[in-house]
Number of protein chains: 2
Amino acid sequence: MGPGPSDVNPRILEALGRPTIGHLDPQFVAMMDELKELLRYAFQTRNELTMPVSAPGSAGMESCFVNLLEPGDSVIVCQNGVFGGRMKENVERCGATAIMVEDDWGRAIDANKVEDALKSNPQAKVLAFVHAETSTGAQSDAKTLCALASRYDCLSIVDCVTSLGGTPVLVDDWGADAVYSGTQKCLSCVPGLSPVTFSERAMEVIQSRDSTVQSWFLDLNLVLGYWGGGGKRAYHHTAPINSLYALHEALVILQEEGIENAWQRHRDHHRALRAGFEAMGLTLVVPEAERLPQLNAVSIPDGVDDAAVRGRLLADYHLEIGAGLGAMAGKIWRIGLMGHACSKRNVLLCLGAVDAVLGSMNAAIETGVAVTAALDSYRD
Amino acid sequence: MGPGPSDVNPRILEALGRPTIGHLDPQFVAMMDELKELLRYAFQTRNELTMPVSAPGSAGMESCFVNLLEPGDSVIVCQNGVFGGRMKENVERCGATAIMVEDDWGRAIDANKVEDALKSNPQAKVLAFVHAETSTGAQSDAKTLCALASRYDCLSIVDCVTSLGGTPVLVDDWGADAVYSGTQKCLSCVPGLSPVTFSERAMEVIQSRDSTVQSWFLDLNLVLGYWGGGGKRAYHHTAPINSLYALHEALVILQEEGIENAWQRHRDHHRALRAGFEAMGLTLVVPEAERLPQLNAVSIPDGVDDAAVRGRLLADYHLEIGAGLGAMAGKIWRIGLMGHACSKRNVLLCLGAVDAVLGSMNAAIETGVAVTAALDSYRD
């Protein structure tokens, strides 16, 4: 129950361990086509270019920046946590300039500040922001931000690593241009792949570049020879066959549940977990309207030893929760309720275990009430 | 029995499907330490910086180039097949200049030409070459080439994607500076990871760069915070946990067999396969002294329909063999005998199936003798 990797559904582990076939085998190629269609459902898009990058989410992020940017470009980057900072790193490593719009960590991105930045920087080519900040659990209003980007003639790059499958990611409705995610969060799949989707407008930019994409491995002009439409697949790199079996199964599971039902499930269990923490007297970092249901940042009570609590939870309850990252290190815990792990069983386990561990350390919390509060929430 | 991914050992598939734990979990971190030590055995090196890149072999290749090169550098690149060409692409995307040394496809690299290039290009920083050309099955003399690089004060980058675990890769004995490989060839593991190892000399170059590494994802200065020595692991990206379980198991299997025994097994089965093909009247493309035992390039007899034969082998025998790549397309088949798939059972299956399919097409081959010739080879 950390910020991901989340627990993997046993059906997905079973798919993962199936015998490896060739990456150009007709049966595998047919599965790739299904996978693209299933990903379009997850992203709620008709984008033709929708596929998994053969590497973790940070490579998915990099694939968006290296393909869309050329040296000398300007990018407005919103930062309200760790991953906005990583976007800045990516922009600069492309020889482009990052214009930073800073918000408090733990808060959503302020659209007014973004509009000011777009107004004062008419040369900007891209607006980049994180929809679901994995470092804080804050959710930003992607629809408003993408619309602002369009209005000021910018492309949008959106980080949906933690949101995909857990809270609405509506790529076409938002009008987002380049979106990347990860498999190890609300899809409950193994880590190592990064689903991405690009609008037609983004594709045109990629196909009419002046300079070569600086990464051979991530150059979409080449990757598309393998993942693109049409019958013939050209070898680019050897696809991670077994991880793709697993992602296919994860997406079939999402389709079986129905994505709206998955979103609702995340909201329901989040509400119960929150009720339990609040009954205990713990506070959530992010204001209610800006919270991600699947990632709950809880303030560590004064005087409590962060690492000792996490160590006890892991040793005594086999329960992993996440530490704070960057500016939040030592100040918060990050508790995931993602995908398959977003269940009543885990809500009760987490509340019971945190209650017991903090109680045994004489932390200033209300003990013995959290589980009841959560159960009450389920009854409402 | 293509050029990889090769058949995965069931023990490795079982390890792959184990429950996913956190990438900062102490048990996982302990496994990472074992993995690095096991990789040092596979690479026959004591290099501290020895680890798997969290992406396929082409990302391993890119990690060597982007970390060692800076804009304006010169690299001597040997090309005797497809992958030397990919090295050139990598060099140029780093803003560096590739000085090409060309050899015939299907032949080893000519050390004399390399020495001439080193002599005439004293500004060269790196010599890059492919030890085991997956596109042709040719093996080059890595020890001689690395020694030449050292003598002319160059770093060496060596592609060992297809050689690792199948034919001697002796990183320390060669004095190689940066070596990358893949998991899906002679380690019989799933595709998606790229083991790499860097000498101390290479590390010094990486740590004293003037410019930032252009890839955030592959920047070893950052990756080492997670994979490096010392107790504390800093989050960089989410490691592909399950694929790393699989690689760990693959390397344990290699250690159990003994790497010298694995090399000998590849030689023995190659000899039997070759005896069968030669009895049939088929010829191997690469001269005997330059052949990789694990990857056999066979000339397609005149008048035989390449795709039809491969299609029949796949449909009727569930046997995949590889097509030619690039300049070799339509001219050769690439038949792998890699790792777990390098077995008497597969040698006999392949010879029997090729005999039957070519015989049924009235190809100009000697039918009914290949399997006997292979069995005779095993008896010698």
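The shown structure was predicted, so the numbers you read here are calculated from the model rather than taken from an experiment.

Section: the overall build of chain A
- Secondary structure assignment for chain A yields 14 helices and 12 strands.
- Whereas a compact globule of 380 residues would reach a radius of gyration of roughly 21 Å, chain A reaches 21 Å, a difference of no more than 12%.
- Once the C-alpha set of chain A is aligned to its principal axes, its extents read approximately 65 × 55 × 35 Å.
- Long-range contacts, defined as pairs at least 24 residues apart, comprise 72% of the intrachain contacts of chain A with a sequence gap of at least 6.

Here's the deal with helix α10 (residues 241-257) of chain A
All names here are of chain A.
- Under the 1.5 Å per step criterion, the end-to-end length of α10 is 25 Å for 17 residues, consistent within 8% with the ideal 24 Å.
- Along α10, 13 of the 17 residues are buried, which leaves the element largely enclosed by surrounding structure.
- Once α10 finishes, Gly258 follows within two positions and takes phi at roughly 90°, a positive value.

Here's the deal with the packing of helix α11 (residues 259-280) of chain B against helix α14 (residues 370-379) of chain B
Residue and element names in this part refer to chain B.
- It is at 7 Å that the axes of α11 and α14 come closest, and there the two elements cross at 145°. The element α11 and its partner α14 pack so that their crossing is right-handed. Between α11 and α14, the residues in contact are Arg271, Ala272, Leu273, Ala275, Gly276, Phe277, Ala279 and Met280 and Ala370, Val371, Ala373, Ala374, Asp376, Ser377 and Tyr378, respectively.
- Grouping the constituent residues of the contact of α11 with α14 by class yields 11 nonpolar, two polar and two charged.

Remarks on the pairing of strand β4 (residues 126-130) of chain A
Residue and element names in this part refer to chain A.
- Burial within β4 is extensive, with five of its five residues counted as buried.
- Residues Val126, Ala128 and Val130 line one face of β4 and the alternating positions Leu127 and Phe129 line the opposite face, and both faces are buried.
- Relative to β4, strand β2 (residues 74-79) runs parallel, the two being bridged by three bridges. Note on β4: the bridge partner recorded for Val77 is Ala128.
- The pairing of β4 with strand β7 (residues 155-159) spans five bridges and is classified as parallel. Within the sheet, the bridge partner assigned to Val126 lies in β7 and is Leu155.

Brief notes about the domain arrangement of chain A
All names here are of chain A.
- As far as domains go, chain A holds domain 1 (10-256) and domain 2 (258-379).
- For domain 1 versus domain 2, the distance between C-alpha centres works out to 29 Å.
- In this assembly, 24 residues from domain 1 lie in contact with 23 residues from domain 2.
- Among the secondary structure elements, those contributing two or more residues to the side of domain 1 that touches domain 2 are α2 (26-43) and β6 (138-139).
- Grouping the constituent residues of the side of domain 1 that touches domain 2 by class yields 11 nonpolar, 11 polar and two charged.

Remarks on the environment of Ala55 of chain B
- Within the secondary structure layout, Ala55 of chain B lies in the loop between β1 (49-53) and α3 (57-68).
- C-alpha separation for the pair Ala55 of chain B and Pro240 of chain B, spaced 185 residues apart in sequence, amounts to 8.7 Å.

Examining the interface of chain B and chain A
- Taken together, the 45 residues of chain B in the interface contact 45 residues of chain A.
- Listing elements by their share of the side of chain B that touches chain A, those giving two or more residues are α1 (10-16), α3, α4 (82-93) and α10 (241-257) of chain B.

What to know about the nonpolar core
- Formed by 260 residues in total, the largest nonpolar core has its most connected members in Leu68, Val126 and Leu127 of chain A together with Leu68, Val126 and Leu127 of chain B.
- Discounting residues that sit within four places of it in the chain, Val126 of chain A has contacts with Leu68, Leu69, Val75, Cys154, Leu155 and Ile157 of chain A.

Some points on the sheet that holds strand β2 (residues 74-79) of chain B
Residue and element names in this part refer to chain B.
- Spatially, β1-β9-β8-β7-β4-β2-β3 is the arrangement adopted by the seven strands of the open sheet, whose pairing is mixed. Looking at the sheet topology across the chains shown, the edges are occupied by β1 and β3 (97-102). Along the sheet, successive strands turn relative to each other by an average axial angle of 15°, direction set aside.

Focus on the pairing of β2 of chain A
Residues and elements named next belong to chain A.
- For β2, the buried fraction is high: five of the six residues fall into the buried class.
- Direction of pairing for β2 relative to strand β3 (residues 97-102): parallel, over a ladder of six bridges. Looking at β3, one finds that Val75 is bridged to Ala98.

Observations concerning the sheet that holds strand β10 (residues 295-299) of chain B
All names here are of chain B.
- Read across the sheet, three strands follow the order β10-β12-β11 without closing on themselves; strand pairing throughout is antiparallel. Both outer strands of the open sheet, β10 and β11 (322-323), are each paired with one neighbouring strand and no more.
- Across two bridges, β11 lies against strand β12 (residues 332-336) in antiparallel orientation. What sits directly across from Gly322, in β12, is Arg334.

A closer look at the environment of Asn9 of chain B
Residue and element names in this part refer to chain B.
- Structurally, Asn9 can be placed in the segment before α1.
- Asn9 gets classed as partly exposed once you count the C-beta atoms within 10 Å, which come to 19.
- Residues Asn9 and Ala341 lie 332 residues apart in sequence; the distance between their C-alpha atoms is 8.2 Å.
- Look past the residues within four positions of Asn9 in its chain and what remains in contact with it is Ser188, Ile253 and His340.

Notes on unusual backbone geometry
- Residues Gly4 of chain A and Pro5 of chain A are joined by a peptide bond in cis, for which omega reads 5°.
- Of note in this structure, His318 of chain A is not a glycine but carries a positive phi near 50°.
- Position of His318 of chain A among the secondary structure elements: in the loop between α12 (306-317) and β11 (322-323).
- The exposure class assigned to His318 of chain A is exposed, which follows from the 10 C-beta atoms found within 10 Å.
- Positive phi, close to 55°, is recorded for Ser188 of chain B, a residue that is not glycine.

Comments concerning the relation of the copies chain B and chain A
- Once chain B has been moved 0.0 Å along the axis and rotated by 180°, it coincides with chain A to within an RMSD of 0.0 Å. Put plainly, the chains are arranged around a two-fold axis.
- In this assembly, 100% of the residues forming the interface of chain B have copies in chain A that are likewise at the interface, indicating an isologous arrangement.

Structural notes on α2 of chain A
All names here are of chain A.
- Taking 1.5 Å per residue, 18 residues should reach 26 Å; α2 reaches 26 Å between its end C-alpha atoms and fits that length.
- Leu35, Lys36, Leu38, Leu39, Ala42 and Phe43 are the residues of α2 that are buried.
- Contacts made by the buried residues of α2 are with β1 (49-53), α7 (171-174), β8 (178-180), β9 (194-198), α10 and α11 (259-280).
- Where α2 terminates, the next one or two residues include Gln44, which has phi positive at roughly 55°.

Describing the confidence of the model for chain A
- Taken as a whole, chain A shows an average pLDDT of 96; of its residues, 99% reach a score of 70 or greater.
- Here the predicted complex carries an ipTM of 0.96, next to a pTM of 0.97.

Topic: the environment of Ser74 of chain B
Residue and element names in this part refer to chain B.
- Structurally, Ser74 can be placed in strand β2.
- Ser74 sits in the partly exposed class, given 17 other C-beta atoms within 10 Å.
- Taking C-alpha positions, Ser74 is 35 Å from Ser6, a pair spaced 68 residues apart along the chain.
- Each residue touching Ser74, except ones within four places of it in the same chain, is listed here: Ala96, Thr97, Ile99, Asn121, Gln123, Ala124 and Lys125.

Parameters and conventions
- Residues numbered from 1 in each chain as written.
- Chains lettered and ligands numbered in written order.
- Predicted model: local features only at pLDDT ≥ 70, side-chain atom pairs only at ≥ 80, totals over all residues.
- Helix = DSSP H or I, 4+ residues; strand = E, 2+ residues; numbered from the N terminus.
- Rg over C-alpha atoms; globule rule 2.2 N^0.38 Å.
- Contact = placed C-beta atoms within 7 Å.
- Expected span 1.5 Å × (residues − 1).
- Buried ≥ 20, exposed ≤ 12 C-beta atoms within 10 Å, placed from the backbone.
- Axes fitted to C-alpha atoms, helices over the stretch in contact; angles between N-to-C directions.
- Left-handed = near helix turned anticlockwise from the far one by under 90°.
- Nonpolar A, V, L, I, M, F, W, Y, C, P; charged D, E, K, R; others polar.
- Pairing = 2+ DSSP bridges.
- Domains from an automatic or database assignment.
- Core = buried A, V, L, I, M, F, W, Y, C linked by C-beta atoms within 7 Å.
- Least-squares fit on C-alpha atoms with pLDDT ≥ 70 in both.
- pLDDT = per-residue confidence, 0-100.

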